[in-house]
Amino acid sequence: KNEVEQSPQNLTAQEGEFITINCSYSVGISALHWLQQHPGGGIVSLFMLSSGKKKHGRLIATINIQEKHSSLHITASHPRDSAVYICAVSQGGADGLTFGKGTHLIIQP
Amino acid sequence: NAGVTQTPKFQVLKTGQSMTLQCAQDMNHEYMSWYRQDPGMGLRLIHYSVGAGITDQGEVPNGYNVSRSTTEDFPLRLLSAAPSQTSVYFCASSYYHLRAGALNEQFFGPGTRLTVL
């Protein structure tokens, strides 16, 4: 079973700061997913990546397959970015995703 | 498109009662799954399906049943509710590349918050 670890567990930052959330996993994967969960519960997929880097607006996700590590960056952070960010991996096959416990991010004005 | 819908949003049960959580998607996704989310733990897979008529167990299947009679619907049945099943339940769907064995981007429903007394 893949072990997915996220750091930090909690992060409080000021508006405008550059944010980095890290994810590491123990076994080779077919893809890594970054998800966002706002208070109130809805979960939204931000990125799915298997190599390199992806960018969407102020969000950037990178993955290093050899090191089994991914990072999610938020540039020019804003209070509306406050949410739980969840890393999940799929190992091929249909048996779903294995999730990290999430990083609780608070951006203060 | 409504995406993935779940009903009910909230439910309170007494120990031993049974109920069905409903999940439907209108994106013609082959793959559907049920997860539960508990405080301090990551989401955990309960059951999944790669197409109508095909279901399989995930990490925590005990106490739950599923069926997939259509592409759109994937209900989760609690046979005899227990307090340990108090949780938030999420249904998700995605495309699934059978030959590659790879799941695509996941689309989640809004969740069902279940309390078992």
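Shown above is the structure to which this text applies.
Position numbers for residues start from 1 in each chain and track the written sequence from start to end. Working convention: letters from A go to chains and numbers from 1 go to ligands, in the order in which they are written. Residues qualify for local features only when their pLDDT is at least 70, as the model is predicted, and side-chain atom pairs are given and counted only at 80 or more; totals for whole chains, interfaces and linings, by contrast, use all residues. Water and hydrogen atoms were dropped before computing side-chain values, which therefore reflect all heavy atoms in the structure.

Asks: Quick question: what am I supposed to make of the overall build of chain B here?
Replies: Going along the chain from the N terminus, every DSSP run of H or I of four or more residues is numbered as a helix, and every run of E of two or more is numbered as a strand. In terms of helices and strands, chain B carries 0 helices and 13 strands. Going from the N terminus to the C terminus, chain B shows its helices and strands as β-β-β-β-β-β-β-β-β-β-β-β-β. Two things to know: the radius of gyration comes from C-alpha atoms, and the globule rule equals 2.2 Å times the number of residues to the power 0.38. Over its C-alpha atoms chain B spans a radius of gyration of 14 Å, differing by no more than 12% from the 13 Å that the globule rule assigns to 117 residues. Principal axes of the C-alpha set define a box for chain B whose edges measure 45 × 25 × 25 Å. Burial classification: accessible surface area is computed with a 1.4 Å probe over protein chains only, and a residue below 20% of its type maximum counts as buried, one above 50% as exposed, and the rest as partly exposed. By the burial criterion, 49% of the 117 residues in chain B qualify as buried. Long-range contacts, defined as pairs at least 24 residues apart, comprise 54% of the intrachain contacts of chain B with a sequence gap of at least 6. Approximately 5,500 Å² of chain B is accessible, and the part contributed by carbon and sulfur atoms is 51%. A positive count includes Lys and Arg, and a negative count includes Asp and Glu. His and the chain ends are not counted in either. Every charge is mapped to an atom, namely NZ of Lys, CZ of Arg, CG of Asp or CD of Glu. Computing the positive centroid from 8 side-chain charges and the negative centroid from 8, chain B places the two 9 Å apart. Contacts: residue pairs with any heavy atoms within 4.5 Å of one another. All accessibility values rest on the Shrake-Rupley procedure with a 1.4 Å probe; residue burial counts only the protein chains present in the view.

Asks: Where do I start with the side chain of Ser77 of chain A in this structure?
Replies: Residue and element names in this part refer to chain A. Locating Ser77 in the fold gives a position in the loop between strand 8 (69-74) and strand 9 (83-90). Residue Ser77 is classed as buried on the basis of its relative accessible area, which comes to 2%. At a separation of 2.8 Å, a polar atom in the side chain of Ser77 contacts the main-chain carbonyl oxygen of Glu17. When near neighbours in sequence (up to four residues on either side) are disregarded, Ser77 contacts Gln14, Glu15, Gly16, Glu17, Ile19, Arg58 and Ile107. Under this definition, polar contacts are N or O atom pairs within 3.5 Å; protein pairs additionally need one hydrogen-donor-capable and one acceptor-capable atom, and for neighbouring residues in sequence, both atoms have to be side-chain atoms.

Asks: Even after reading the chapter, I still don't get the nonpolar core, so can you show me in this structure?
Replies: Generally speaking, soluble globular proteins have nonpolar side chains that are buried together. By size, the foremost hydrophobic cluster in this structure holds 22 residues, and its most contacted members are Leu32 and Trp34 of chain A. Counting only elements with at least two residues in this core, the list comes to strand 3 (19-25), strand 4 (31-37), strand 5 (43-49), strand 7 (59-64), strand 8, strand 9 and strand 11 (103-108) of chain A. Nonpolar cores were defined as sets of buried Ala, Val, Leu, Ile, Met, Phe, Trp, Tyr and Cys residues, with membership established by side-chain atoms within 4.5 Å.

Asks: What is the right way to read the sheet that holds strand 3 (residues 19-25) of chain B from this model?
Replies: Strands in a sheet are paired, the pairing made by backbone hydrogen bonds, and the direction either parallel or antiparallel. Residues and elements named next belong to chain B. Two strands make a pair as long as DSSP finds a minimum of two bridges between them. Ordered in space as 1-3-8-7, the 4 strands form an open sheet in which the pairing is antiparallel. Because the sheet does not close on itself, it has two edges, and the strands there are strand 1 (4-7) and strand 7 (64-66). When strand polarity is set aside, the average angle formed by the axes of neighbouring strands in this sheet is 20°. Note: strand 1 against strand 3, 4 bridges, orientation antiparallel. Pairing of Gln6 across the sheet is with Cys23, part of strand 3. Convention adopted: a line fitted to C-alpha atoms gives each axis, helices being fitted over their contacting stretch, and angles between N-to-C directions are expressed from 0 to 180 degrees.

Asks: Whenever I open this one, the interface of chain A and chain B confuses me. Can you help?
Replies: It is common to give the size of an interface as the accessible area lost on bringing the parts into contact. Counting from both sides, the interface comprises 18 residues of chain A and, opposite them, 19 residues of chain B. Here the buried area means the combined drop in accessible surface, using a 1.4 Å probe, for two parts upon being joined, counting both sides. Of the roughly 1,600 Å² buried where chain A meets chain B, counting both sides, 62% is carbon and sulfur surface. Considering only the surface of chain A that becomes buried against chain B, Ile43, Ala94 and Phe99 of chain A emerge as the three largest contributors, covering 32% of it. When a carboxyl oxygen of Asp or Glu is within 4 Å of a side-chain nitrogen of Lys or Arg, the pair counts as a salt bridge. Counting the contacts that link chain A with chain B gives 0 salt bridges. Counting across the chain A and chain B interface gives 3 residue pairs in polar contact (both at pLDDT 80 or more). Mapped by element, the contributors of at least two residues to the side of chain A that touches chain B are strand 4 and strand 5 of chain A. Considering only residue class, the side of chain A that touches chain B consists of 7 nonpolar, 8 polar and 3 charged. The residue classification treats Ala, Val, Leu, Ile, Met, Phe, Trp, Tyr, Cys and Pro as nonpolar and Asp, Glu, Lys and Arg as charged. All others, Gly included, are polar.

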